[in-house]
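# Analysis of the macromolecular model
Each chain, written out:
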There are 2 protein chains.
Amino acid sequence: MVQKYGGTSLQDTDRIKNTARRIKGYRQKGHEMIVVVSAMGKTTNNLISLAREISDSPPKRELDVLLATGEQISIALLSIALNEIGVDTISLTGAQCGIRTSNLHSNARIEDIDTARLKAEFKAGKVVIVAGFQGINEKGDITTLGRGGSDTTAVALAAAMKAPKCEIYTDVDGVYATDPRVVPQALKLDRISYDEMLEMARLGAQVLHPRSVELAKNHQVPLEVRSSLNFNPGTQIIGEINMEDIRISGITSEKNIARISIARVPDKPGIAYRLFKRLSENEISIDMILQNLNHENANDISFTTPTEALGEALPIVEGFAADIEAQEVIVKENVCKISLVGTGILGHGEVAATFFETLSNLGINIEMISTSETKISCLIDGKDSDTATRTLHRIFFEK
Amino acid sequence: MVQKYGGTSLQDTDRIKNTARRIKGYRQKGHEMIVVVSAMGKTTNNLISLAREISDSPPKRELDVLLATGEQISIALLSIALNEIGVDTISLTGAQCGIRTSNLHSNARIEDIDTARLKAEFKAGKVVIVAGFQGINEKGDITTLGRGGSDTTAVALAAAMKAPKCEIYTDVDGVYATDPRVVPQALKLDRISYDEMLEMARLGAQVLHPRSVELAKNHQVPLEVRSSLNFNPGTQIIGEINMEDIRISGITSEKNIARISIARVPDKPGIAYRLFKRLSENEISIDMILQNLNHENANDISFTTPTEALGEALPIVEGFAADIEAQEVIVKENVCKISLVGTGILGHGEVAATFFETLSNLGINIEMISTSETKISCLIDGKDSDTATRTLHRIFFEK
């Protein structure tokens, strides 16, 4: 089986020793084990700070050489800790583990895993400790995988080795129906499907990166998110759950969103297309889009973007609005996207109705709505986010 | 040309930027350059401390994985700093640079350098930044080269690439006739031969490890030891200097030595051999040996060993003394080996005479003497070391 331990499970030598004892416990049950690790605690941030002291825009290839040391320190120390308590191990960097990636530094994709060394080390009876988040490209250069990289490494190794299970250890007990920092009594989910987890992850549940969930789904790798601080069962992330049933898996809330509206856009074909093409050419990320016909044969077009992208997006939108002779551009910052995630929601009108009704009863204005097979999202004022989350959790989960 | 910068030249981001500017200056003169670096400041010691918090005897393979990160951080940051000021660089780990070593972890020997990548990067116009102290063995595992490893990497690369010169940058201006901490007015040497430098290094001059000097001698790589803090000329370490001349290159003093004597050893053949065989089987390092015939057909055997080895050596010697029915074992700690290093010393009796006379005039008792083609060493009481060094420097260098 594959286990992945994050930075908090390795933040100092005491935690590393604890994690080693935990791994020994599993090993004694006879599992063939691959253990994937992240960098210790704040190591990655400290390394980035060093680079920033030298340059505002360090070359990404060199940043990858730098950051890869974080996980390399972790594999060595964890391997030392395991040897100290009598577990025979070997540590492997991404390159040594045969993790071949694309050339895109700082955000490489795993292309292939050469499992020869892994298999040889299994045969020699070793627990294999692998540096997450890193690989090697065709030039022999070190690459890193970007956000959620260590989870991705773990899932990819589980897929390549056809491991029966991939456990992701973190500092929470599993996946919650909503953010436990906002709703302390938030329900921990026992099981969730890949698609629901994907939607939850995309909508801001921090516990797993969507990329690793996608990979697990594509290779049908059973995932479990668990805490490294106790032995409670975690959350299983698995294939299809019976699609006939209605199942609500969670409530997510994404903050730091800005809404940009262009008022009174002349009603001509292709205008929305030209706007979003121009924004995407500038790599500005767009999420919800709303276009509604106004009086006087003019449209209002609204869309959302992360607040951090506003500075770049606004001049482009204003230039575009002037070109097409729209009336004005209106920006609203600090809006929030609150979402209900689950399977079969759209097929059961009463779920959507309850969702909208709950917000309405709270006096919260819904500014935009978007839906997909596995979610309903509403854009609301950022100040209402926590109240809405708490109340929705009570209505849908605390029955 | 090859340049090597030590930990003090890279101890923080400001020093790294300074070092980068320095390298840019040389680069602008049109040199093809390989820059070998050590770990920043105290990084290596900090990593060792982390490992020791986990285990008293970490597996050497894993310790190598851990320690190699120190130099990897340095190459990335120096490369970032050089790019920031417009120098096109690429960083390479030992493995990426093709440095193939023996399997002996923590003390590997360089066996071969595959220069293909280096040559390709030169062709692409890059300054190549290489992680010192590390390589890769035939299994693809990371190895480290032990003490003086980064100097050894630099010299080996200079030899493999047939570089015209290898400059070793440190925090002193070059090689001194004696330790400037003891003799502030110590003479800086402009030139010294490989053999003299080797003797100086073996006798405790810290500036270069004997291993790298040996490698430079074998491949006739011209070395220069220089300061990275100023632009003063350093010390050239080169091939033969005219052997006909007498040339005194320095005075070294090694402290922390213990003398062990076995009194009244029965005068039978093979006894000394058996003693030193037993010590070497236990990997106890022996330096000077003295055996002198006593009255009553018994010998006294004395030898020196580093103080740190005393705890291990003493029970062995005592066991041996009991076996052969010697009278007693006498230990003297805190003795010091003071040496005069130079070419042709033994052929010129007056040099040795002046050396002994100086010590005698100071009232210093000489406990043992050993000589070689390029040195005379005397064992004296540790408390007399600094006085002897200062006076000998005055007699031989301050004329």
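Given the structure is predicted, the values throughout are model-derived calculations rather than measurements.

## Side note on the overall build of chain A
Within chain A one finds 11 helices and 18 strands. Against the compact-globule benchmark of 21 Å for 399 residues, chain A has a radius of gyration of 24 Å, which places it among compact chains. Taken over the C-alpha atoms alone, chain A extends approximately 80 × 55 × 35 Å along its principal axes. For chain A, the proportion of contacts with a sequence separation of at least 24, taken over those separated by at least 6, is 73%.

## Thoughts on the relation of the copies chain A and chain B
Screw-axis analysis of chain A against chain B gives a translation of 0.0 Å along the axis, an RMSD of 0.3 Å, and a rotation angle of 179 degrees. Accordingly, the operation relating the two chain copies is best matched by a two-fold axis. In terms of C-alpha distance to the rotation axis, chain A has Thr 69 of chain A as its closest residue, with the C-alpha 2.5 Å off the axis. Same-surface contact between copies: 100% of interface residues of chain A are shared with the interface of chain B.

## Some points on the interface of chain A and chain B
Buried accessible area, meaning the area lost when the parts come together, often serves as the stated size of an interface. Counting residues at the interface gives 27 residues for chain A, matched by 27 residues for chain B. With 14 residues, the top contributor of residues to the side of chain A that touches chain B is helix α3 (residues 60-84) of chain A. Tallied by class, the residues present in the side of chain A that touches chain B amount to 14 nonpolar, 9 polar and 4 charged.

## Topic: the nonpolar core
Core analysis: the largest hydrophobic core is formed by 200 residues, its most contacted members being Val 130 of chain A together with Val 35, Leu 78 and Val 130 of chain B. Counting contributing residues, this core receives three or more from each of domain 1 (2-171) and domain 2 (251-397) of chain B. Leave out the neighbours within four places in its chain, and Val 35 of chain B touches Gln 3, Tyr 5, Ile 23, Leu 78, Val 127, Ile 129 and Val 130 of chain B. Membership of the second largest hydrophobic core comes to 11 residues, among which are Ile 260, Val 265, Ala 313 and Ala 321 of chain B.

## Considerations on the sheet that holds strand β9 (residues 166-170) of chain B
All names here are of chain B. Taken in spatial order, the 8 strands of this open sheet run β3-β6-β2-β1-β9-β11-β12-β10, and their pairing is mixed. Only two strands of the sheet have a single neighbouring strand rather than two, namely β3 (89-92) and β10 (191-193). For this sheet the average axis-to-axis angle between neighbouring strands, irrespective of direction, equals 20 degrees. Examined bridge by bridge, strand β2 (residues 34-37) and strand β6 (residues 127-131) share 4 bridges and lie parallel to one another. Residue Val 37 lies in a different strand from β6, and its bridge partner there is Ala 131. Along the sheet, helix α3 (residues 60-84) makes contact with β2, β3 and β6, crossing β6 at roughly 160 degrees. Each of β10 and β12 (235-238) touches helix α6 (residues 194-202); the most contacted strand, β10, lies at about 85 degrees to it.

## Observations regarding the sheet that holds strand β1 (residues 2-5) of chain A
Residue and element names in this part refer to chain A. What the 8 strands build is an open sheet, ordered β3-β6-β2-β1-β9-β11-β12-β10; its pairing is mixed. Each edge of the sheet is formed by a strand with only one pairing partner; in this case those strands are β3 (89-92) and β10 (191-193). Recorded for the sheet is a direction-independent mean angle of 20 degrees between the axes of neighbouring strands. The pairing of β1 with strand β2 (residues 34-37) spans 4 bridges and is parallel. Within the sheet, the bridge partner assigned to Lys 4 lies in β2 and is Val 36. Across the sheet, helix α5 (residues 149-160) touches β1, β2, β6 (127-131) and β9 (166-170), and the angle it forms with β1 is around 175 degrees.

## A few points about unusual backbone geometry
Backbone geometry places Gln 220 of chain A, a non-glycine residue, at a positive phi of 50 degrees. Tracing the backbone through its elements, the reader meets Gln 220 of chain A in the loop between α7 (210-219) and β11 (223-227). In this structure, Phe 133 of chain B is a non-glycine residue whose phi angle is positive, near 75 degrees. For Phe 133 of chain B, a count of 28 C-beta atoms within 10 Å translates into the label buried.

## Thoughts on the environment of Met 197 of chain B
Residues and elements named next belong to chain B. Position of Met 197 among the secondary structure elements: in helix α6. Since 30 C-beta atoms lie within 10 Å of it, Met 197 is described here as buried. Taking the C-alpha atoms as reference, Met 197 lies 16 Å from Tyr 169; in sequence the two are 28 residues apart. Not counting chain neighbours up to four residues away, the residues in contact with Met 197 comprise Val 175, Ile 192, Leu 208, Val 213 and Ile 237.

## Re the packing of helix α10 (residues 349-361) of chain A against helix α11 (residues 385-397) of chain A
Residues and elements named next belong to chain A. Running from amino to carboxyl end, α10 crosses α11 at an angle of 135 degrees, the nearest separation of the two axes being 10 Å. With respect to α11, the element α10 is oriented oblique. With respect to the hand of their crossing, α10 and α11 are arranged in right-handed fashion. Where α10 abuts α11, its residues Thr 354, Thr 358 and Leu 359 lie against Ala 388, Thr 391, Leu 392 and Ile 395. By residue class, the composition of the contact of α10 with α11 is 4 nonpolar, 3 polar and no charged.

## Some details on the pairing of β6 of chain A
Strand residues, when the strand is regular, have side chains that alternate between the two faces of the sheet. Where burial is concerned, most of β6 of chain A is hidden: 5 out of the 5 residues are buried. Residues Val 127, Ile 129 and Ala 131 of chain A of β6 of chain A are buried on one face, and the alternating residues Val 128 and Val 130 of chain A, pointing to the opposite face, are buried as well.

## Brief notes about the pairing of β1 of chain A
Residues and elements named next belong to chain A. Here β1 shows two buried faces, one formed by Val 2 and Lys 4 and the other by Gln 3 and Tyr 5. Both β1 and β9 contribute to a ladder of 4 bridges, which runs parallel. The partner of Lys 4 across the bridge, within β9, is Ile 168. Handedness of the crossover joining β1 and β2 through helix α1 (residues 13-28) is recorded here as right-handed.

Quick notes on the rules
Residues numbered from 1 in each chain as written. Chains lettered and ligands numbered in written order. Predicted model: local features only at pLDDT ≥ 70, side-chain atom pairs only at ≥ 80, totals over all residues. Helix = DSSP H or I, 4+ residues; strand = E, 2+ residues; numbered from the N terminus. Rg over C-alpha atoms; globule rule 2.2 N^0.38 Å. Contact = placed C-beta atoms within 7 Å. Least-squares fit on C-alpha atoms with pLDDT ≥ 70 in both. Nonpolar A, V, L, I, M, F, W, Y, C, P; charged D, E, K, R; others polar. Core = buried A, V, L, I, M, F, W, Y, C linked by C-beta atoms within 7 Å. Buried ≥ 20, exposed ≤ 12 C-beta atoms within 10 Å, placed from the backbone. Domains from an automatic or database assignment. Pairing = 2+ DSSP bridges. Axes fitted to C-alpha atoms, helices over the stretch in contact; angles between N-to-C directions. Parallel < 35°, antiparallel > 145°, perpendicular 65-115°, else oblique. Left-handed = near helix turned anticlockwise from the far one by under 90°. Right-handed = clockwise from strand over helix to strand, strands pointing away.

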